[in-house]
Amino acid sequence: MDALDRVVKPKTKRAKRFLEKREPKLKENTKNAMLIKGGNANLTVTEVLKDIYAVKKPFAVLYKKKNITRPFEDQTSLEFFSKKSDCSLFLFGSHNKKRPNNLIIGRMFDYHVLDMIELGVEKFVSLKDVKNSKCPEGTKPMLIFAGDVFDVNEEYRRLKSLLIDFFRGPSVPSIRLAGLEYVLHFTAVDGKIYMRSYKVLLKKSGCKIPRIELEEMGPSLDLVMRRTHLASDDLYKLSLKQPKALKPKKKKNISHDVFGTTYGRIHMQKQDLGKLQTRKMKGLKKRPAQKSAEDGGVSPKKSKSA
């Protein structure tokens, strides 16, 4: 039996807090990513991992030592590191003659590899090569995807989901305009994926809404897709399952039309509509003849002639 699979009883309050932090929750923590360098990683791959770590901080762990492992052949070491560092996302970098400047991006489900996609780096511009101001650490990026292939091809659709999971950052209840200062743009065209990052500059426009300019910040990557390891439809569906407590409760007797108008049905006791008072105007009041007819047919007194 694996040492990490045993049921461990905490002996101190600190250990108890640590185990409670890793317990399943209704609302997930922000996903952490581990960035691992392969046994034969070159300078380009090392710089890519450092720059992605700078973008992803503080929700990332960078392993500086080389790890001799091949994720597509054996995934046990990745699963071990995932359980050890409590990370559900990973980026593995390696380099060899057959697959130069290689990156493998993937995610875990229950500490097992769910899906991963291999990408080759054809061109790289690092953060330090672009001499512009940078965004502060922990800035939540705005993600933009361009290219029909992201919605048509299954592998590219899964890659889009992976990239959103990797870079989305923490969930926030509200947004302020000044906080929208970082853009990650992914373009898929002619079999390549272009990753660009920009800083948003808010300029004076003479009115309330500022004029927006984009300034390239780095890192910049030209990628090509190589091998893929995608989860089966059943496993992927299971990983997306939400607990019942988070599902919105269905409200009875309330419906909505296509325009978003809300309709409600009210249940009331049976009413006698004959006693319902509806006439309020003076001109609609009952005349004496009508009243006598309703009371029993007694003719009213004749009015005196003038």
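What counts and what doesn't
- Residues numbered from 1 in each chain as written.
- Predicted model: local features only at pLDDT ≥ 70, side-chain atom pairs only at ≥ 80, totals over all residues.
- Heavy atoms only, no water.
- Helix = DSSP H or I, 4+ residues; strand = E, 2+ residues; numbered from the N terminus.
- Buried < 20%, exposed > 50% of the residue type's maximum accessible area, 1.4 Å probe, protein only.
- Contact = heavy atoms within 4.5 Å.
- Areas by Shrake-Rupley, 256 points an atom, 1.4 Å probe, with all protein chains shown as cover.
- Axes fitted to C-alpha atoms, helices over the stretch in contact; angles between N-to-C directions.
- Nonpolar A, V, L, I, M, F, W, Y, C, P; charged D, E, K, R; others polar.
- Expected span 1.5 Å × (residues − 1).
- Core = buried A, V, L, I, M, F, W, Y, C linked by side-chain atoms within 4.5 Å.
- Polar contact = N/O pair within 3.5 Å; in protein donor to acceptor, adjacent residues only side chain to side chain.
- Pairing = 2+ DSSP bridges.
- Salt bridge = Lys/Arg side-chain N within 4 Å of Asp/Glu carboxyl O.

Once that is clear, we can look at the overall build of the protein chain. Scanning the protein chain for helices and strands turns up seven helices and 12 strands. Within the protein chain, the fraction of its 306 residues that count as buried is 30%. In the protein chain, of all internal contacts separated by at least 6 residues, the share reaching a separation of at least 24 is 66%. When the accessible area of the protein chain is evaluated, it comes to approximately 22,200 Å², of which 54% is carbon and sulfur surface.

Moving on, we come to the packing of helix α2 (residues 43–56) against helix α5 (residues 154–167). Direction vectors running N to C along α2 and α5 enclose 65°, while the axes themselves pass 10 Å from each other. Contacts between α2 and α5 involve I52, V55 and K56 from the former and D165, F166 and F167 from the latter. By residue class, the composition of the contact of α2 with α5 is four nonpolar, no polar and two charged.

A few words now on the environment of V113. Looking at where V113 falls in the secondary structure, it is placed in strand β5 (residues 112–125). Aside from chain neighbours lying at most four places away, what touches V113 is Q75, E79, F90, R107, M108 and H229.

Right, let's get into α2. Between the first and last C-alpha of α2 there are 20 Å, a value that for 14 residues agrees with the 20 Å anticipated at 1.5 Å per step. Within the sequence span of α2, burial applies to V45, T46, E47, V48, L49, D51, I52, V55 and K56.

Glancing now at the nonpolar core. Core analysis: the largest hydrophobic core is formed by 35 residues, its most contacted members being I52, I105 and F167. Among the elements that line this core, the one with the most residues is α5, at six residues. If we ignore the near neighbours within four places in the chain, the residues touching I105 are F90, L91, D115, M116, I117, L119, L159, L162, L163 and F166. Core analysis: the next-biggest nonpolar cluster, separate from the first, contains 13 residues, L78, F90, I104 and M116 among them.

Examined against the element boundaries, H267 turns out to sit in the loop between β12 (262–264) and α7 (288–295). With relative accessibility at 62%, the residue H267 sits in the exposed group. C-alpha of H267 to C-alpha of N253: the two residues are 14 residues apart in sequence and 9.3 Å apart in space.

Before going further, it helps to spend a moment on the environment of S197. Looking at the element boundaries, S197 is found in strand β8 (residues 192–203). Along the chain, S197 and P141 lie 56 residues apart, while their C-alpha atoms are 9.2 Å from each other. Those residues within four positions of S197 in sequence are excluded, and the remaining contacts are Y182, V183, L184, E215, E216, M217, G218 and P219. Among the polar contacts made by the side chain of S197, one reaches the main-chain carbonyl oxygen of P219 at a distance of 3.2 Å.

Right, let's talk about the pairing of strand β1 (residues 33–38) for a bit. Counting buried residues in β1 gives six out of six residues, a clear majority hidden from the surface. Here β1 shows a buried face lined by A33, L35 and K37 and a second buried face lined by M34, I36 and G38. Sheet topology note: the β1/strand β2 (residues 60–67) ladder contains six bridges and is parallel. Considered in β2, the bridge of M34 is made with V61. Direction of pairing for β1 relative to strand β3 (residues 89–94): parallel, over a ladder of five bridges. What sits directly across from I36, in β3, is F92.

We now examine the pattern of salt bridges. Tallying each qualifying case throughout the model produces 16 salt bridges. With a closest N to O distance of 3.5 Å, R158 and D115 form a salt bridge. You can see R158 sitting in helix α5 and its partner D115 sitting in strand β5, a full 43 residues away along the chain. We note that R158, like D115, is buried. Salt-bridge contacts for R158 lead to E154; the nearest nitrogen and oxygen are separated by 3.4 Å. You can see R158 and its partner E154 sitting in helix α5, four residues apart, about one turn around the helix. R158 sits in the buried class, given a relative accessible area of 4%.

Moving on, we come to α5. For α5, built from 14 residues, the straight-helix expectation of 20 Å at 1.5 Å per residue is met to within 8% by its first-to-last C-alpha distance of 20 Å. Turning to α5, its buried residues number three or more, namely Y156, R158, L159, L162, L163, D165, F166 and F167. Capping the start of α5 is the job of one residue whose side-chain oxygen sits 2.8 Å from the backbone nitrogen of E155: N153. Positive backbone phi, approximately 80°, marks G169, located one or two places after α5.

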